[in-house]
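Residue-level structural notes
Residue-level listing of the chains:
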Amino acid sequence: MTKIESGLIRRWLDGWTVARSLPEAEQVEPAGDGLRSKCAQPGREVEVFALRADEDPDSLARLAAAVAAAREITWLTVPTLHPGTVEAVVDAAGLEVLHRSEWFMTTDLTEHPRHEPAAPYEREVRTEGPVTLVSLHAPSGEVAARGSIAVVGDDAIADRIETDAAHRRRGLGRAMMSALAEAAVSQGARTGLLIASEEGQRLYSSLGWHHKADVLIARGPAIPAIG
């Protein structure tokens, strides 16, 4: 395989927008080079996801130029098997590279390892429609770890997996992912999808998640509106 399938990116994005209660992503016109999501976050108003970066460098160049010219603060996220080529294109467009080494990962959730949180931590699971939120609590009641997973069809997209620095190296990340996988499978999901930070890659790999592509994330400068 010399490129990541655009359908896989679309499936992840469908779940990611559900997980974050965002509007459905819109196709970037006219060439359909990517998908555009309104994030409405400080410093991240819009995010554009490249669909055909590896199969068509001109497609990526068009997206990068559009992001560079955007008046809103816009991020460009590019899943790729050729990160060096992608970085050269976004650099040429004048974008600021924020992350070079994130991973697009998948797994068969039905085979996900099971891990319970070690005492004295307690698990809380809440399901709100297609989204399940899991938190692990210390005896004091503080949240030691948290995460969410959104189920869309056969897919489940894990998002915002966090462990507080004071509670790391206690197996909470494994317990968190186990709880999320179990919840997703109970709702009919089979395939897990996520984008992993450098910190999370070792954990997910140890749990059977597979690297499908690197992910490069860049940001364009905000252009002040005229008038």
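Presented here is a report on the structure given in the accompanying data block. What you see is a predicted model; the values in this text were computed from it and never measured.

Rules used in this analysis
- Residues numbered from 1 in each chain as written.
- Predicted model: local features only at pLDDT ≥ 70, side-chain atom pairs only at ≥ 80, totals over all residues.
- Heavy atoms only, no water.
- Pairing = 2+ DSSP bridges.
- Helix = DSSP H or I, 4+ residues; strand = E, 2+ residues; numbered from the N terminus.
- Contact = heavy atoms within 4.5 Å.
- Axes fitted to C-alpha atoms, helices over the stretch in contact; angles between N-to-C directions.
- 1 Å grid on protein atoms, 1.4 Å probe; cavity = no way out; pocket = protein on both sides within 12 Å on 5 of 7 lines; lining within 4 Å.
- Points joined across faces, edges and corners; volume = space filled by probe spheres on them.
- Nonpolar A, V, L, I, M, F, W, Y, C, P; charged D, E, K, R; others polar.
- Phe/Tyr/Trp six-rings, centres within 6.5 Å; stacked < 30°, edge-to-face > 60°.
- Buried < 20%, exposed > 50% of the residue type's maximum accessible area, 1.4 Å probe, protein only.
- Right-handed = clockwise from strand over helix to strand, strands pointing away.

1. Some remarks on the sheet that holds strand β2 (residues 34-41)
- Spatially, eleven strands are ordered β1-β2-β3-β4-β11-β5-β10-β9-β8-β7-β6 in an open sheet, and the strand pairing comes out mixed. Looking at strand neighbours, the two that pair on one side only are β1 (26-27) and β6 (122-128), the edges of this open sheet.
- Judged from the two bridges that link them, β1 and β2 form a sheet pairing that is antiparallel. Bridge pairing in β2 links glutamine 27 to leucine 35.
- Lying over the sheet, helix α2 (residues 57-69) contacts β2, β3 (44-50) and β4 (74-80), oriented at roughly 160 degrees with respect to β4.
- The strands touched by helix α3 (residues 83-92) within the sheet are β4, β5 (96-108) and β11 (210-219), with β11 carrying the most contacts at an inclination of about 10 degrees.

2. Quick word on empty space enclosed by the protein
- Going through the model one piece at a time under the given rule, you end up with one cavity of 30 Å³ or more.
- In this structure, the largest cavity encloses a volume near 30 Å³.
- Lys3, Ile4, Leu51, Arg52, Ala53, Asp54, Glu55 and Pro79 together form the lining of the largest cavity.
- Here the lining of the largest cavity is built from residues that sort into four nonpolar, no polar and four charged.

3. Some points on the packing of aromatic side chains
- According to the stated counting rule, one finds four aromatic pairs in the structure shown.
- Between tryptophan 12 and tryptophan 16, the aromatic rings sit 5.5 Å apart at their centres with planes inclined by 25 degrees, giving stacked as the arrangement. In this pair, tryptophan 12 and tryptophan 16 both sit in helix α1 (residues 6-19), four residues apart, roughly one turn of the helix.
- With relative accessibility at 5%, the residue tryptophan 12 sits in the buried group.

4. Details of the pairing of β3
- Burial within β3 is extensive, with six of its seven residues counted as buried.
- Here β2 runs beside β3; their pairing, made up of six bridges, is antiparallel. For leucine 35, the partnering residue across the bridge sits in β3 and is phenylalanine 49.
- What sits between β2 and β3 in their antiparallel hairpin is a turn of two residues, with glycine 43 showing a positive phi close to 80 degrees.
- Where β3 meets β4, four bridges bridge the pair, whose relative direction is parallel. Looking at the pairing, glutamate 47 lines up with tryptophan 75 of β4.
- Taken together, β3, α2 and β4 constitute a β-α-β crossover, and its handedness is right-handed.

5. Focus on the layout of surface pockets
- Estimated volume of the largest pocket: approximately 1,100 Å³.
- What lines the largest pocket is a set of 35 residues, among which Ile161, Ser197, Glu199, Gly200 and Tyr204 lie closest to the centre.
- Class assignment for the residues of the lining of the largest pocket results in 13 nonpolar, nine polar and 13 charged.
- Considering only enclosed or pocket space, the second largest pocket measures out at about 240 Å³ in volume.
- Lining the second largest pocket we find 14 residues, and of these Arg126, Leu133, Val134, Arg146 and Gly147 sit closest to its centre.
- At the level of secondary structure, the elements contributing two or more residues to the lining of the second largest pocket comprise β6, β7 (131-137), β8 (143-152) and β9 (155-163).
- The element that contributes the greatest number of residues to the lining of the second largest pocket is β7, accounting for five residues.
- Classifying every residue of the lining of the second largest pocket by side-chain character gives five nonpolar, four polar and five charged.

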